[in-house]
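Residue strings, one per chain:
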Amino acid sequence: QRSTAASPISLSPAMSFSLTGVDDEATQRCFAHIHDRVRATLVRGEPVTVAGGRPVRRTLKLLRALARGHWIVGEEYVAACARNRGVAVDPAPFEEGMLPHVPGAQLSRLSGGGRALAGLTVTLRGATVMPHADLCSLCCEAGARVQYGRPISDAGAVEVYTLSLPPPLHLSPS
């Protein structure tokens, strides 16, 4: 019998099995066909995100899945679930194939998610490519505290402060 225990970060049922960065129409159709059944049979309700394409695109959905500690698997997972008549299969072997493409995914999942930026305060200043609300939400889901600062001359810069390092680390968009 499957457990229905909640994950460390509460997720809507629609977020427990998601697809991101997949352009292949056959995979998209297969995913749509088996989505509800796979989602209902995921072991312990552990969320699974299927990331497609090589190189893997760093979509907002993928970054949120990483921040939450989801299983990150490749498109092969969808095919395996389809072969299993829409019943979820163990994502572990499919995660292994993704580790070179999405470093840190397994570590995030094993730590329970929501801890990649734990203990950090992220200061948002100026314009960012991603809307501030989405960036703020993503940082919070990864465990950071977010604050807004006054605009600085390098409008795209984000400063990340840690509690243990006195000077800020400046990150610029690439």
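Use the structure listed above.
Residues numbered from 1 in each chain as written. Predicted model: local features only at pLDDT ≥ 70, side-chain atom pairs only at ≥ 80, totals over all residues. Heavy atoms only, no water.

Caption draft 1: How the structure looks around the sheet that holds strand 3 (residues 71-73). Strand order across the open sheet formed by three strands is 1-2-3, with parallel pairing between neighbours. The open sheet has two edge strands with one neighbour each: strand 1 (17-20) and strand 3. Averaged over all pairs of adjacent strands, the angle between strand axes in this sheet comes to 25°, irrespective of strand direction. (Pairing = 2+ DSSP bridges. Helix = DSSP H or I, 4+ residues; strand = E, 2+ residues; numbered from the N terminus. Axes fitted to C-alpha atoms, helices over the stretch in contact; angles between N-to-C directions.)

Caption draft 2: Here's a closer look at the packing of aromatic side chains. Throughout the structure, instances matching the rule amount to three aromatic pairs. Ring geometry for Tyr 77 versus Phe 94: centroids 5.4 Å apart, planes at 80°, classification edge-to-face. In this pair, Tyr 77 sits in helix 3 (residues 76-83) while Phe 94 sits in helix 4 (residues 92-98), placing the two residues 17 residues apart along the sequence. Both residues of the pair, Tyr 77 and Phe 94, count as buried. Site record: aromatic cluster; members linked through ring pairs are Phe 17, Phe 31, Tyr 77 and Phe 94. The ring of Trp 71 carries the charged tip of Arg 109 above its face, separated from the ring centre by 3.5 Å. (Phe/Tyr/Trp six-rings, centres within 6.5 Å; stacked < 30°, edge-to-face > 60°. Buried < 20%, exposed > 50% of the residue type's maximum accessible area, 1.4 Å probe, protein only. Lys NZ or Arg CZ within 6 Å of the ring centre and 35° of its normal.)

Caption draft 3: Seen up close, the pattern of salt bridges. Considering all chains together, one arrives at seven salt bridges under this definition. The partner of Arg 29 in a salt bridge is Glu 25, and the shortest N-O contact between them spans 3.9 Å. Residue Arg 29 and its partner Glu 25 are located together in helix 1 (residues 25-41), separated by four residues, close to a single helical turn. Residues Arg 29 and Glu 25 agree in their burial class; the two are exposed. Salt bridges here are not isolated pairs; linked through shared partners, they connect Arg 64, Arg 68, Asp 134 and Glu 141. (Salt bridge = Lys/Arg side-chain N within 4 Å of Asp/Glu carboxyl O.)

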